[in-house]
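Topology and contacts: notes
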Amino acid sequence: MGFLELAKKRFSVRSFKAAPVENEKLVKILTAGNIAPTAANRQPFKILVVQSKEGLKKVEKTAHIYGAPLIFIVCANHSQAWVRPFDNYNLADTDASIVTTHMMLAAADLDLGSLWIGYFNPYILCQNFNIKSDLTPLNLLAVGYNEGEALSPERHCTTRKNLTEIVAYEKIS
């Protein structure tokens, strides 16, 4: 399967089966996150793997996880990130999001469903998982087997903006 086919195949799952994700697949997803590019190769992130019933209940105190048997808490470390010198933009959040994207696409490649969750209280996660103060929980990625029917890869033809609306080409005179 080519990259565009994989990207079109992936969709946000909001109903997961209770079946656990096999360790072999878990390691492949983590490896995809590990090889993700980061600014100046600083790798300013940590990934917390949550799959125990107790851990999942802790996540549910701040986020709706739709029955996912596996949650990745992707944290950014702003003190380790590369900072663009022109405007002091810290790339930790960008890097952690690239890591999350790699993991999400790896899950789709392994026929697993995923859901990128942005609606959560990071303070509760830090407290419930004793996350160090130098780490900021940035993204939650719920992963597991989809309970429902997969969405059509062709849905993007009607649900996405046309390229003419999102792309501008430089004018060369």
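Worth saying up front: this structure is predicted, and the values here are computed from it rather than measured. (Residues numbered from 1 in each chain as written. Predicted model: local features only at pLDDT ≥ 70, side-chain atom pairs only at ≥ 80, totals over all residues. Heavy atoms only, no water.)

1. Section: the sheet that holds strand β2 (residues 70-76)
The antiparallel open sheet is built from four strands, whose spatial order is β1-β2-β6-β5. One side of each edge strand has no neighbouring strand; the edge strands of this open sheet are β1 (45-50) and β5 (113-117). Within the sheet, the average angular offset between the axes of one strand and its neighbour, ignoring direction, is 20°. Bridge analysis of β2 against strand β6 (residues 136-144) gives seven bridges, and the strand direction is antiparallel. Paired with Leu70 across the strands is Val143, a residue of β6. Helix-sheet contacts for helix α5 (residues 122-129) involve β1, β2 and β6, and the interaxial angle to β6 is about 80°. (Pairing = 2+ DSSP bridges. Helix = DSSP H or I, 4+ residues; strand = E, 2+ residues; numbered from the N terminus. Axes fitted to C-alpha atoms, helices over the stretch in contact; angles between N-to-C directions. Contact = heavy atoms within 4.5 Å.)

2. Considering unusual backbone geometry
Leave glycine aside and you will find that most residues have negative phi; peptide bonds, for their part, are mostly trans. Positive phi is not limited to glycine here, since Ala40 has a value of about 55°. One can find Ala40 in the loop between α2 (23-34) and β1. Accessibility expressed as a relative area gives 54% for Ala40, which makes it exposed. (Buried < 20%, exposed > 50% of the residue type's maximum accessible area, 1.4 Å probe, protein only.)

3. Some words on the pattern of salt bridges
A complete count under the given rule lists three salt bridges for this structure. The partner of Lys9 in a salt bridge is Asp111, with the nearest N and O atoms 2.5 Å apart. Separated by 102 residues along the polypeptide, Lys9 in helix α1 (residues 3-9) and Asp111 in the loop between α4 (92-109) and β5 bring together distant segments of the chain. Accessibility expressed as a relative area gives 53% for Asp111, which makes it exposed. (Salt bridge = Lys/Arg side-chain N within 4 Å of Asp/Glu carboxyl O.)

4. A short note on the nonpolar core
Judged by nonpolar contacts, the single largest core of 23 residues is most densely connected at Ile29, Phe72, Met103, Leu112 and Val143. Going through the elements one at a time, α2, β2, α4 and β6 are the ones with two or more residues in this core. In terms of residue count, α4 provides more of this core than any other element does, seven residues in total. Residues in contact with Leu112, not counting those within four places in the same chain, are Val21, Lys25, Ile29, Ala107, Val143, Gly144 and Tyr145. The next biggest cluster of nonpolar side chains, apart from the first, holds 21 residues, and it includes Leu56, Phe129, Leu135 and Ala142. (Core = buried A, V, L, I, M, F, W, Y, C linked by side-chain atoms within 4.5 Å.)

5. Things to note about the environment of Leu30
For Leu30, the location among the structural elements is in helix α2. Sequence spacing of Leu30 and Met103 is 73 residues, and the spatial spacing of their C-alpha atoms is 6.6 Å. The contact partners of Leu30, leaving out residues within four places of it in the chain, are Ile47, Val49, Phe72 and Met103.

6. Examining the environment of Ile131
Tracing the backbone through its elements, the reader meets Ile131 in the loop between α5 and β6. By relative accessible area, Ile131 is classed as buried at 13%. The sequence separation of Ile131 and Leu48 amounts to 83 residues, and the corresponding C-alpha distance is 9.1 Å. Excluding residues that lie within four positions of it along the chain, Ile131 makes contacts with Leu48, Ile73, Cys75, Leu125, Cys126 and Pro137.

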